Structures are given as structure tokens and as C-alpha cells.
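One letter stands for each residue in the lines below.
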Amino acid sequence: MEFEHKRQIIAILGGILLLLIVYAIYLILSPRIKLKGDAVTEVEVFKKYKEKGVYASYGDTNLGGIVKVSGKVNDKKIGKYKLEYRVNYHGITRKVVRTILVKDKTKPKITLKGDEEVTVCPNTTYQEEGYIAVDNYDGDLTEKVKVTNSDKTIIYSVKDSSGNESVLMRTLNEDTKGPKITLKGYKNMTIYLNQNYNEPGYEVFDNCDNDIKTKVKITGTVNTKKEGIYKITYQATDSLGNVSEVTRTVKVLKKPIENDSKVIYLTFDDGPSRSVTPKLLDVLKEENVKVTFFVINHSKELDYLIKREDSEGHTVGLHSYTHNYKKVYSSVDSYFNDLYAIQDKVYKIINKKPTIIRFPGGASNTISRRYSKGIMTLLDKEVNNKGFTYFDWNISSGDASGGRLSANKIYDNVITNLKYKRNIVLLHDFENNTGIIEGIREIIKYGKSHGYTFEAIDKNTLEYHHKINN
Ligand code: ZN
């Protein structure tokens, strides 16, 4: 009996030992496998899932090549995916598992129709202009948008199926804008003593107030019997008390003494130039005649010519900085950028800011249509509003129409057209236009002996404008 018992114990111990030996052999023979990267990985939906793989080896032997992967990740669909990696070596299979969570963490996008800040007129309520909400995963969520109204704001919020929330706000403002007053006619006007001042009127518009028209107050008067600068103020107040004000300036000037003398205004565009301007100035000095120069940008060593023009009693007017039609006439802003550039340049030379100008191509030019429709119509008013006065011409010397003209030809072109009381002659002192030097001397001689006086344009000269074609 005792013997039997011993045998049983030995058999059990032997069995255990055998199991241990088998397990040790299993451990010795089995390959190793380990995940690269995390066992649980999150991926944003629609972003490509990047597989990191596993390390698989037996001793020094890399078993990466025989790893089998099962399972699939659909990175276009939210969900929990499992990938199983197996390696079989010495008939022993080992495996590891990776969990991939495809998630949507992107918020939906709400877009408002209309502005994020709107004005609400008194006694009205804001009429919702609409909105749309789109989610990268759920698509159109417009129907799910929650709209919360308060006095000053509207809050739009929406959640996508993964709980990502977007919130957008529209602000409702009281009307704080004054009415918009637009003057008819010129903002800066000039009339002569004893001429009538006819109020040109205005237009007024208010965003909330329809019958604002009746509420414009005009103050100020023009005494046409007395020289001076008069201000007419137009003031409008809307029903919320927002005020706006515009002022018109009316200059009353003494009319130049009318006599039988006829005037010639010689005007020179596109200078100064090295080859023409100095000699031209010499002739003018010898003849004691004052003229007007409409200057453009030039190199620094010609600055002294601008100084000479000014100090010898001529008028330095502005033409253009670049004289590049495409640039100058591309917009009202670029016109003024160009004009202020040449004004600034001249200011630095003679310490005066000229306000007498000539448009490149004249006010009647049609070339500006190519770059901006209607720009000359706008500029005609805007230059005046900004304190400039512009001058066109009624006699062209023809000296810019291709090829350089001889002194004789220029002389002929000008004197055969002297038929006005005020003759404004277009000439150019640009480089190599040397025909004008002697041409001008002859024109001056002719003028003086035929009852003409020569004058430079100044701020009291009555403006002369072409008809606008654009
Ligand atoms: Zn020009």
C-alpha cells in the first residue's frame, strides 16, 4: 500500500517535471513579437492611418518578413479596429494585437450669411439672414444648428455626431452711423464778386431713417458783395441723434480787370529736362515772360531747374510722378498716390505744395477708360474736393505728336490758333524737344506785337476744363 502511494507521488512529480521541461523548450524555441508604437492608437477620421509594424525575431534572426497581419482599418469611418500580428517559427505561433480608434475630433463649421456685426434700426427686429453648418464627417448640419437670441447677440451652436461643438456669434448693434451727405456740385467753389451764388444742393441718405431729407440743416451764407472765403455747412441728424456734417467752401474773388488785352498762358508738360528746360528758362528770362510748368518725376541733378522755375517767377504745377497711364488711372487711390508723390517731391525742392495740376493726357483723355471706367468723372470732382485745381488747354502746339517739330512748325501751330481771349497753349519741355526753345521766342515776339500779354497760371486764374470723356 505504502509502495503504491510512493509510486503515485513520483508519477505526479515526474509529470510536473515533464511539463516544466516542455514549457522550457517552448520558451527556448518560441519567437519574440512586440508592437512598434502604442497598443491603442487614435487616428482622426479621413487622415491616413500609418502602420508602424512590429518587431519579430528569434535570437538574432529578424522575423519581420514572415509576420502575418489580419484585420483592417477603415480610416474613413469612425470605429474601433483591431489588427492582429502573428509570427510562426519552429511551429510555434506568437501574436500581438493593436487597437486603432478612428475618431472625429474636428468641429463642424458654421458660416453666417450676412455680417457678423449688423446694425439694427430702432423699432425693428433683426431678420435672420441665415447660416449653414457643415461637418467634415456628418456633412450638412444646418438643420441641427441651435439659435439663441438675446438683445445684443445671436448665438449659433451645433454639435456633430461625435460631440464636437462649434459656436458662432452675431452681434446686433444699435445704429451709430450718421446720415451720409453728398454735395452736389463742387465742394470748393470759386465765384466772382457780384455773381450769384446758386446753392447746388445735396443728397442725403440714412441707413435707418427714410425721411432724413427734411432734417438737413444748412448754415452759413455767401456774401457775393465781399471778397472772402465762405463756409456753408450741411448738418443732418437721424432719429437716434447721430449727426454728420459736410462743409462747402465758396471763394468770392475779385474778377480780373476786363480789358481788351488777350492772354496767352504758355504751359509746359513732362519736364524738366537737361537739354531743353535750361535754355527755355533763359529765353523766358530774356523776354521777361512767366509761364507754367506741369512737372513730372526727374533725376536729382535736375532739381535745380525746379528751383529756377520757381525763383524766376514761373508757376510750378503738378503733372504726374510716373506719367504711367496704366498706373495713374487704375483707381482713384492710385491717381492720388501718384499725384501726392510728385507734390511731395516738389515740396522738398521749393518748400511749396503746388495745387495747380494737369491730368496726364488731359481731363478729356480716353486712354483711362482702359484702366478704370468713369475715373475722369470721379477725379474731376475729387481733385477739387482735395483742394486742387486743374487746367487743360485750348491750343496744342503739336510738339508731342510723334517726331520732334522744328521751331517754325511749333510757331505756326500756335499762332494760327490764337483766337481766344484766354489762350492756354500746350507745350512740352521734355528731353530733346529743342524746337520749342526758338519757337517760344518767336511766339512771344508775335504775341507782344499783337496785343497779347503772357501770364503764368495762378490760383486766381479761371479754370479751363475739357469735356470729360470717361
Ligand atoms: Zn504729359
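The structure displayed is predicted, hence computed values, not measured ones. (Residues numbered from 1 in each chain as written. Predicted model: local features only at pLDDT ≥ 70, side-chain atom pairs only at ≥ 80, totals over all residues. Heavy atoms only, no water.)

1. A short note on the overall build of the protein chain
Here is step 1 of the chain: For the protein chain, the count of helices and strands is eight helices and 28 strands.
Here is step 2 of the chain: What you see for the protein chain is a C-alpha radius of gyration of 44 Å, clearly larger than the 23 Å of a compact globule of 470 residues, by over 25%.
Here is step 3 of the chain: Viewed in the frame of its principal axes, the protein chain has a C-alpha envelope of about 165 × 65 × 35 Å.
Here is step 4 of the chain: Across the 470 residues that make up the protein chain, the buried fraction comes to 42%.
Here is step 5 of the chain: Within the protein chain, contacts between residues at least 6 apart in sequence are counted, and of these 67% link residues at least 24 apart.
Here is step 6 of the chain: Accessible surface, the protein chain as shown: approximately 26900 Å² in total, 53% of it carbon and sulfur. (Helix = DSSP H or I, 4+ residues; strand = E, 2+ residues; numbered from the N terminus. Rg over C-alpha atoms; globule rule 2.2 N^0.38 Å. Buried < 20%, exposed > 50% of the residue type's maximum accessible area, 1.4 Å probe, protein only. Contact = heavy atoms within 4.5 Å. Areas by Shrake-Rupley, 256 points an atom, 1.4 Å probe, with all protein chains shown as cover.)

2. Let's talk about the sheet that holds strand E6 (residues 79-89)
Here is step 1 of the chain: Overall, mixed pairing links the four strands, which are arranged E2-E7-E6-E5 in an open sheet. Since the sheet does not close on itself, it has two edges, and those belong to strand E2 (40-44) and strand E5 (68-70), each with one partner. Between one strand axis and the next, the sheet turns through 25 degrees on average, direction left out of account.
Here is step 2 of the chain: Relative to strand E7 (residues 92-103), E6 runs antiparallel, the two sharing 11 bridges. Bridge assignment links Leu-83 to a residue of E7, and that residue is Arg-98. (Pairing = 2+ DSSP bridges. Axes fitted to C-alpha atoms, helices over the stretch in contact; angles between N-to-C directions.)

3. Focus: the pairing of strand E12 (residues 146-149)
Here is step 1 of the chain: Bridge count for E12 against strand E13 (residues 153-159) is four bridges, and the pairing is antiparallel. Its bridge partner being in E13, Lys-146 is matched across the sheet by Ser-157.
Here is step 2 of the chain: In this structure, the hairpin formed by E12 and E13 is closed by a connection of three residues.

4. Describing a nonpolar patch on the surface
Here is step 1 of the chain: A contiguous nonpolar surface patch, about 940 Å² in accessible area, is contributed by Ile-9, Ile-12, Leu-13, Ile-16, Leu-17, Leu-20, Ile-21, Ile-25, Ile-28 and Leu-29.
Here is step 2 of the chain: Its location among the elements puts Ile-28 in helix H1 (residues 2-29).
Here is step 3 of the chain: Here Ile-28 falls in the exposed class, since its relative accessible area comes to 57%. (Patch = residues over 30% accessible without salt bridge, like charges linked within 9 Å, V, L, I, M, F, W, Y side chains within 5 Å. Salt bridge = Lys/Arg side-chain N within 4 Å of Asp/Glu carboxyl O.)

5. Concerning helix H8 (residues 435-449)
Here is step 1 of the chain: Counted at 1.5 Å a residue, the expected span for H8 with its 15 residues is 21 Å, and the 22 Å between its end C-alpha atoms agrees.
Here is step 2 of the chain: Turning to H8, its buried residues are Gly-435, Ile-436, Ile-437, Gly-439, Ile-440, Arg-441, Ile-443, Ile-444 and Gly-447.
Here is step 3 of the chain: Positive phi appears at Gly-451, one or two residues downstream of H8, with a value of about 80 degrees. (Expected span 1.5 Å × (residues − 1).)

6. With respect to the domain arrangement of the protein chain
Here is step 1 of the chain: By the assigned domains, the protein chain splits into domain 1 (29-103), domain 2 (109-174), domain 3 (185-253) and domain 4 (263-454).
Here is step 2 of the chain: Relative placement of domain 1 and domain 4: their C-alpha centres are 83 Å apart. (Domains from an automatic or database assignment.)

7. Section: the packing of helix H7 (residues 407-415) against H8
Here is step 1 of the chain: Where H7 meets H8, the axes come as close as 7 Å, and the angle between the chain directions of the two elements is 40 degrees. When the axes of H7 and H8 are compared, the pair comes out oblique. For the element pair H7 and H8, the recorded crossing hand is right-handed. Residues Ala-407, Ile-410, Tyr-411, Val-414 and Ile-415 of H7 pack against Gly-435, Ile-436, Glu-438, Gly-439, Glu-442, Ile-443 and Tyr-446 of H8.
Here is step 2 of the chain: Class assignment for the residues of the contact of H7 with H8 results in eight nonpolar, two polar and two charged. (Parallel < 35°, antiparallel > 145°, perpendicular 65-115°, else oblique. Left-handed = near helix turned anticlockwise from the far one by under 90°. Nonpolar A, V, L, I, M, F, W, Y, C, P; charged D, E, K, R; others polar.)

8. With respect to the packing of aromatic side chains
Here is step 1 of the chain: Enumeration according to the criterion identifies 14 aromatic pairs in this entry.
Here is step 2 of the chain: Seen from their ring centres, Phe-46 and Tyr-137 are 5.9 Å apart, and the 45 degrees between their planes marks the pair as tilted. Here Tyr-137 lies in the loop between strand E10 (131-135) and strand E11 (139-140) and Phe-46 lies in the loop between E2 and strand E3 (54-58), a separation of 91 residues in the sequence.
Here is step 3 of the chain: Under the relative-accessibility criterion, Phe-46 is labelled partly exposed at 46%.
Here is step 4 of the chain: Residue Tyr-137 is classed as partly exposed on the basis of its relative accessible area, which comes to 26%.
Here is step 5 of the chain: Between Tyr-325 and Tyr-329 the ring centres are 6.2 Å apart and the planes differ by 20 degrees, which places this aromatic pair in the stacked class.
Here is step 6 of the chain: By relative accessible area, which is 24% here, Tyr-325 ends up partly exposed.
Here is step 7 of the chain: With a relative accessible area of 0%, Tyr-329 lands in the buried category. (Phe/Tyr/Trp six-rings, centres within 6.5 Å; stacked < 30°, edge-to-face > 60°.)

9. With respect to unusual backbone geometry
With glycine set apart, most residues show a phi of negative sign, and most peptide bonds adopt trans.
Here is step 1 of the chain: That bond from Gly-271 to Pro-272 is cis: its omega, 0 degrees, falls within 30 degrees of zero.
Here is step 2 of the chain: Looking at the element boundaries, Pro-272 is found in the loop between strand E21 (262-271) and helix H2 (277-287).
Here is step 3 of the chain: Its identity is not glycine, yet Phe-46 carries a phi of approximately 75 degrees, on the positive side.
Here is step 4 of the chain: Even without glycine at this site, Asn-432 takes up a positive phi of about 70 degrees.
Here is step 5 of the chain: Within the secondary structure, Asn-432 sits in the loop between strand E27 (422-428) and H8.

10. Here's the deal with H2
Here is step 1 of the chain: Buried within H2 we find Thr-277, Pro-278, Leu-280, Leu-281, Val-283, Leu-284 and Glu-287.
Here is step 2 of the chain: Against the buried residues of H2 lie E21, strand E22 (292-296), helix H3 (303-311) and H8.
Here is step 3 of the chain: One or two residues past the end of H2 sits Asn-288, with phi positive at roughly 55 degrees.

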